[in-house]
Amino acid sequence: MKSFSFAPISSPNSKILILGTMPGTKSLELNQYYGHNQNNFWKFMFQILGEEFSNDYEIRKTLLIKNDIALWDVLQFCERVGSLDSAIKNEIANDFEDFLEKHPKIESIFFNGQKSAAFFKKYVHLNKEYKTFTLPSTSPANAGKAFQDKLTEWNVIKSLL
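Conventions and cut-offs
- Residues numbered from 1 in each chain as written.
- Predicted model: local features only at pLDDT ≥ 70, side-chain atom pairs only at ≥ 80, totals over all residues.
- Heavy atoms only, no water.
- Helix = DSSP H or I, 4+ residues; strand = E, 2+ residues; numbered from the N terminus.
- Contact = heavy atoms within 4.5 Å.
- Buried < 20%, exposed > 50% of the residue type's maximum accessible area, 1.4 Å probe, protein only.
- Pairing = 2+ DSSP bridges.
- Axes fitted to C-alpha atoms, helices over the stretch in contact; angles between N-to-C directions.
- Parallel < 35°, antiparallel > 145°, perpendicular 65-115°, else oblique.
- Left-handed = near helix turned anticlockwise from the far one by under 90°.
- Nonpolar A, V, L, I, M, F, W, Y, C, P; charged D, E, K, R; others polar.

Could you give me a rundown of the environment of Ile16, with the residues and numbers involved?
By the element assignment, Ile16 lies in strand β2 (residues 16-20). When the C-alpha positions of Ile16 and Leu71 are compared, they lie 8.5 Å apart, and in sequence the two are 55 residues distant. Leave out the neighbours within four places in its chain, and Ile16 touches Asp68, Ile69, Ala70, Ile106, Ser108, Phe110, Ile157, Leu160 and Leu161.

Written as structure tokens, this is what we have:
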């Protein structure tokens, strides 16, 4: 199945960029980043940012914007059956040179999982240095670590706000 990523959630004031790989099947169906209810991304963000959790997607997007966090995916396009990153084929990366030029305050880039970091390293070559962090995937397929252990690693974001 051919998949296309979403437009980024960002503002000119974004200081942190969080990158996934590519929206999964449920996210594409809902037209929402991290739409699968078992994905922990939004639970992590609300806890890290000290806000009461909400399922409302507009509130979720506003939470990121008001905390100067941008959200996007490394890949613009891929072919994939299902939602696993390991099934991705014929991928094309997003245009990070243009995006980062339009978001000059971004200093730190966080990867939601090893695969997003690997695709970024493979396809994206930037002239400017950024602090980069590879965090454990929030996907329900990443069952190797407990929720609290992953959240502890994701809390590094708080120190850079």
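Anyway, onward from the coordinates.
Help me get a handle on the pairing of strand β6 (residues 108-112), residues and values and all.
The buried fraction of β6 is high, at five of five residues. Here β6 shows a buried face lined by Ser108, Phe110 and Asn112 and a second buried face lined by Ile109 and Phe111. The sheet contact formed by β2 and β6 spans four bridges and is parallel. Within β6, the position partnered with Ile18 by the bridge is Phe110. One ladder, built from five bridges, connects β6 with strand β7 (residues 131-135); its direction is parallel. By the bridge assignment for β7, Ile109 is matched with Thr132.

So what's going on with the packing of helix α2 (residues 41-48) against helix α3 (residues 57-66)? Which residues, and what values?
Remark: α2 packs on α3, axes separated minimally by 11 Å, with the N-to-C direction vectors making an angle of 50°. Judged by the inter-axis angle, α2 sits oblique to α3. Relative to α3, α2 is oriented so that their crossing is left-handed. Taken together, the residues of α3 that come into contact with α2 (itself represented by Trp42, Met45 and Phe46) are Tyr57, Ile59, Arg60, Lys61, Leu63 and Leu64. Of the residues in the contact of α2 with α3, the class split is seven nonpolar, no polar and two charged.

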